[in-house]
Amino acid sequence: MSFLGFGRPQPTSAEKIAAVEAEMKLLTEMHNRLTRVCAKKCVPNDYREGELNKGESVCLDRCAAKFFDVHMKVSEMMQQEAAARGGAAGGGGGGFGFGG
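The structure reproduced in this document is the subject of the present report. (Residues numbered from 1 in each chain as written. Predicted model: local features only at pLDDT ≥ 70, side-chain atom pairs only at ≥ 80, totals over all residues. Heavy atoms only, no water.)

So, on to the overall build of the chain. Summing up its helical and strand segments, the chain has two helices and zero strands in all. The buried share among the 100 residues of the chain stands at 12%. Restricting to contacts in the chain with at least 6 residues of sequence separation, those with at least 24 account for 46%. By element, 60% of the accessible surface of the chain is carried by carbon and sulfur atoms, the whole surface being about 8,300 Å². (Helix = DSSP H or I, 4+ residues; strand = E, 2+ residues; numbered from the N terminus. Buried < 20%, exposed > 50% of the residue type's maximum accessible area, 1.4 Å probe, protein only. Contact = heavy atoms within 4.5 Å. Areas by Shrake-Rupley, 256 points an atom, 1.4 Å probe, with all protein chains shown as cover.)

We now examine the state of the cysteines. By the definition in use, this model includes two disulfides. With a sulfur-sulfur separation of 2.0 Å, Cys38 is cross-linked through a disulfide to Cys63. Because the sign of the S-S torsion sets the handedness, a value of about -85° for the bond joining Cys38 and Cys63 places this disulfide among the left-handed ones. With a gap of 25 residues between them, Cys38 in helix 1 (residues 13-42) and Cys63 in helix 2 (residues 54-84) connect regions that are remote in the sequence. (Disulfide = S-S within 2.5 Å.)

Before going further, it helps to spend a moment on helix 1. Across its 30 residues, helix 1 extends 43 Å between first and last C-alpha, which sits within 8% of the 44 Å expected from 1.5 Å per residue. The set of residues buried in helix 1 consists of Met30, Leu34, Cys38 and Cys42. (Expected span 1.5 Å × (residues − 1).)

We now examine a nonpolar patch on the surface. A cluster of nonpolar side chains, contributed by Val70, Val74 and Met78, occupies part of the molecular surface with about 280 Å² of accessible area. Residue position: Val74 is located in helix 2. We classify Val74 as partly exposed; its relative accessible area is 40%. (Patch = residues over 30% accessible without salt bridge, like charges linked within 9 Å, V, L, I, M, F, W, Y side chains within 5 Å. Salt bridge = Lys/Arg side-chain N within 4 Å of Asp/Glu carboxyl O.)

Another point: the pattern of salt bridges. Scanning the entire structure with this criterion turns up three salt bridges. A salt bridge links Arg48 to Asp46, with the nearest nitrogen and oxygen atoms 3.7 Å apart. Residue Arg85 is joined to Glu81 by a salt bridge in which the shortest nitrogen-to-oxygen separation is 3.9 Å. The class for Arg85 is exposed, based on a relative accessible area of 64%.

So this is what it looks like as structure tokens:
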């Protein structure tokens, strides 16, 4: 409880668990999307070698970096828009749904 009963009520354990589960679901979906998109772009369908070659590795590295860069920019824009509308629901996130 907050000082003198004012402020935001503290979430219950069930609410905390639900928030963590939702975060994990979002992170899993993002990981799966990144893997699917970058593999389709960078790794040919006909595997010629057991290991990635240098070009494929560089492509995957750049693809993942661009994916995260775009994700962070979109997250920042959404947070700014929410703040401009009069209150970012949930407070400042770290771009991946983290509350910190």
